[in-house]
Amino acid sequence: MAFAISTRNAVTFLVTLLLVSVTPSSSTLQQDFIHCLVDNTDMSFPIRASFFSPDQNATLFKEELESTAQNLRYLTPSNPKPVFIFEPLYETHVQAAVVCAKMLNLHMRLRSGGHDYEGLSFVAENVTPFVVVDLSKLRQIDVDLDSNSAWAHAGATVGEVYYRIQEKSQTHGFPAGLCSSLGIGGHLVGGAYGSMMRKFGLGADNVLDARIIDANGKILDRAAMGEDVFWAIRGAGGGSFGVILAWKIKLVPVPATVTVFTVTKTLEQDGTRVLYKWQQVADKLDEDLFIRVIIQPAGKTSKTGNRTVSTAYQGQFLGDSNRLMQVMQTSFPELGLTKKDCIEMSWIKSVMYIAGFPNSAPPEALLAGKSLFKNHFKAKSDFVEEPIPVEGLEGLWKKLLNEDSPLTIWNPYGGMMSRISESETPFPHRKGTLFKIQWLSTWSDGKASEARHIEWMRDMYSYMEQYVSKKPRRAYVNYRDLDLGVNEGESDAREWGAKYFKGNFEKLVKIKGEFDPENFFRHEQSIPTKIC
């Protein structure tokens, strides 16, 4: 007779066991949330394994909170912590979580990959109590070569998506991020650039459909959400319109042979002159060629005994090395690329090369989903429309050499990026952009030196103002920067909204006001329901 117990009764029994074992300090909120989940979905799985709270098990809670967080600056004891973390296993559990959070007046933060530069997926500075709904268990990927498409759930990493595509075909790919541990859910919602953007555009430009949960807990596909909302979620940044459950992405053709290279020039090796030339040609090169520049201080030189600046030109070419050499000799001979610098490989291995994996690593390493970068850092971004003059570069070198561990990465535009209208999606940084800059300063001693490094970043950013885009000075939403402004008090969101979205911001506000009028999905830089 014991085996005849109903699923609902069994679940209620499991919930009772859990609640009995939770001390009163574990919060009535969690108990109420669990009861609500049971009432709103079939929670026929071990509930305890999906909840992490500091009072139940402080060690497990800490491990889960830190598991995918990239910026350690937001994991200090002084940063607010969620009441609990919930890891749903099915889409219906996410639906119920939205319904229950709304019913219990719990603020919700959504995390797929944990890469938000300002920690907004797992920290809420001005709203309590809050919970984190972690989508990392929703990571199914279904590749359909017949339709040249794939469905990827929000918790899957970019690397997993690449791996599952190459499992089915060596000549299909997807033009998304350079960092393989990015969660695909939050990545595409901000635009998603990568090494094939000059050939195929952004990841968001290659999205065919999506499944989201709105503030009422309803699952909507493209047809149900409407074209305005579908437009908004492909570039507006995460946490504004709903929970991204899955994306349907368009696969793109890639050749059997892809060539990669890295050529490094220091200042003593005419690095300034070469970089000045790169600025003039990078957006005009063959669309099969992507050359980014990674710039940072390097070790002491034998001539001066002082640190120098290293500029590493990292390239991916959709073709063999013979054709690459022809392109380079015609368009950018100043780099001095030789055949020995070129490494031919498959597309999936080229993705791993760009992401920083050793050449010996097998494609299965992409399935680990672990970030290769975890540190305390502050980041900013810029877009450049005219080459930075030599004197501007020389001033920048002085700034970089005055900081402990700065890094800046310059990514070329042009090609397909110039042919897509800036209003096609919320991502407006298109025609006229030569390249995008990511600025980073990292440190390892936590709060001890944080103020000094952030002050350096702001000073350097101020210096660069004269050389970058203007009216507005633009920024990339996936390189979140709260210095630009936040939703607080009477502040005008247009101050930061125009920097991320230019003229698309007002349309985003209108769509937000109609789709989520109660502003359930919100954070410090979410799209507001109206402009002050």
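Look a little higher up for the structure.
Residues numbered from 1 in each chain as written. Predicted model: local features only at pLDDT ≥ 70, side-chain atom pairs only at ≥ 80, totals over all residues. Heavy atoms only, no water.

Moving on: helix H3 (residues 58-66). Every buried residue of H3 is listed here: Phe-61, Glu-64 and Leu-65. End-on, the buried residues of H3 take up no more than an arc of 100°, which puts them together on one face. Elements in contact with the buried residues of H3: strand S1 (51-52), strand S2 (85-86), strand S3 (107-111) and strand S4 (130-134). Between a side-chain oxygen at the N-terminus of H3 and the backbone nitrogen of Thr-59 the separation is 3.2 Å; the capping residue is Asn-57. (Buried < 20%, exposed > 50% of the residue type's maximum accessible area, 1.4 Å probe, protein only. Helix = DSSP H or I, 4+ residues; strand = E, 2+ residues; numbered from the N terminus. Arc of directions from axis to C-beta. Contact = heavy atoms within 4.5 Å. Polar contact = N/O pair within 3.5 Å; in protein donor to acceptor, adjacent residues only side chain to side chain.)

With that out of the way, let us pick up the pattern of salt bridges. Counted according to the given criterion, the structure contains 34 salt bridges. Note that Arg-111 is salt-bridged to Glu-64, the shortest N-O span being 3.8 Å. You can see Arg-111 sitting in strand S3 and its partner Glu-64 sitting in helix H3, a full 47 residues away along the chain. Like Glu-64, Arg-111 is buried. Of the charged contacts in the structure, one is a salt bridge between Glu-287 and Arg-419, with a shortest N-O distance of 2.6 Å. Placement of the pair is Glu-287 in the loop between helix H10 (271-281) and strand S13 (289-300) and Arg-419 in helix H14 (residues 416-419), with a sequence separation of 132 residues. Overlapping salt bridges bring together Arg-73, Glu-118, Lys-378, Lys-380, Arg-458, Asp-481 and Asp-483 as one network. (Salt bridge = Lys/Arg side-chain N within 4 Å of Asp/Glu carboxyl O.)

Next up on the list: the pairing of strand S18 (residues 435-443). Among the nine residues of S18, nine are classified as buried, and the element is accordingly described as predominantly covered. A two-sided burial pattern is seen for S18, the buried positions comprising Phe-435, Ile-437, Trp-439, Ser-441 and Trp-443 on one face and Lys-436, Gln-438, Leu-440 and Thr-442 on the other. Where strand S16 (residues 376-384) meets S18, nine bridges bridge the pair, whose relative direction is antiparallel. Bridge assignment links Lys-378 to a residue of S18, and that residue is Ser-441. Across seven bridges, the pairing between strand S17 (residues 406-412) and S18 is antiparallel. (Pairing = 2+ DSSP bridges.)

Another aspect to go through is the sheet that holds S18. The sheet built from seven strands is open, its strands ordered S15-S12-S14-S13-S17-S18-S16 with antiparallel pairing. One side of each edge strand has no neighbouring strand; the edge strands of this open sheet are strand S15 (343-345) and S16. Along the sheet, successive strands turn relative to each other by an average axial angle of 20°, direction set aside. Note that S13 and S17 share three bridges and pair antiparallel. Pairing of Ile-294 across the sheet is with Ile-409, part of S17. Where H10 meets the sheet, its contacts fall on strand S12 (258-266), S13, strand S14 (307-317), S17 and S18, and the angle it forms with S14 comes to roughly 35°. Contacts from helix H13 (residues 390-401) reach S13, S14, S17 and S18, with the element oriented near 110° to S14. (Axes fitted to C-alpha atoms, helices over the stretch in contact; angles between N-to-C directions.)

Moving on: helix H15 (residues 447-464). A turn of α-helix holds 3.6 residues, and therefore any two residues three or four places apart point the same way. Along its 18 residues, H15 runs 26 Å from first to last C-alpha, staying within 8% of the 26 Å computed at 1.5 Å per residue. Buried within H15 we find Ser-449, Glu-450, His-453, Ile-454, Trp-456, Met-457, Met-460, Tyr-461, Tyr-463 and Met-464. Those residues of H15 hidden inside the fold are in contact with S16, H13, S17 and S18. (Expected span 1.5 Å × (residues − 1).)

Our focus in this paragraph is unusual backbone geometry. Among all residues except glycine, the phi angle is most often negative; among peptide bonds, the trans geometry is most common. Look at the link from Thr-128 to Pro-129: it is a cis peptide, with omega at -5°. Relative to the assigned elements, Pro-129 resides in the loop between S3 and S4. A cis geometry characterises the amide bond from Lys-471 onward to Pro-472, with omega recorded as 0°. Of note in this structure, Asn-148 is not a glycine but carries a positive phi near 50°. Residue class for Asn-148 comes out partly exposed when judged on its relative accessible area of 34%. Within the chain, Asn-519 stands out as a residue other than glycine whose phi angle is a positive 55°. Examined against the element boundaries, Asn-519 turns out to sit in the segment after helix H17 (505-515).

One open sheet accounts for four strands, arranged S1-S2-S4-S3; its pairing is mixed. At either end of the open sheet lies a strand with only one pairing partner, and these are S1 and S3.

Below, the discussion takes up the packing of aromatic side chains. Working definition: an aromatic ring pair is given by the centre-to-centre distance plus the angle between the planes. Tallying each qualifying case throughout the model produces 23 aromatic pairs. A ring pair is formed by Tyr-117 and Tyr-479, whose centres lie 5.1 Å apart and whose planes are at 15°; its orientation type is stacked. Taken as a pair, Tyr-117 in the loop between S3 and S4 and Tyr-479 in the loop between H15 and helix H16 (494-501) lie far apart in primary sequence, 362 residues in all. For the residue pair Tyr-117 and Tyr-479, the accessibility class agrees, reading buried in each case. Ring centres 6.2 Å apart and planes at 85° place the aromatic pair Tyr-193 and Tyr-479 in the edge-to-face group. With Tyr-193 in the loop between helix H6 (184-188) and helix H7 (197-200) and Tyr-479 in the loop between H15 and H16, the pair connects residues that are 286 residues apart, well separated along the chain. Exposure class is identical for Tyr-193 and Tyr-479. Each is buried. Every member of this aromatic cluster is reached through a ring pair, and the members are Tyr-117, Tyr-193, Phe-377, Phe-427, Tyr-476 and Tyr-479. A cation over an aromatic ring shows up here: Lys-436 above the ring of Tyr-193, its NZ or CZ 3.7 Å from the ring centre. Across the ring face of Tyr-461, the terminal group of Arg-473 is positioned such that the distance to the ring centre comes to 3.4 Å. (Phe/Tyr/Trp six-rings, centres within 6.5 Å; stacked < 30°, edge-to-face > 60°. Lys NZ or Arg CZ within 6 Å of the ring centre and 35° of its normal.)

No statement about biological role is implied by the geometric values presented.
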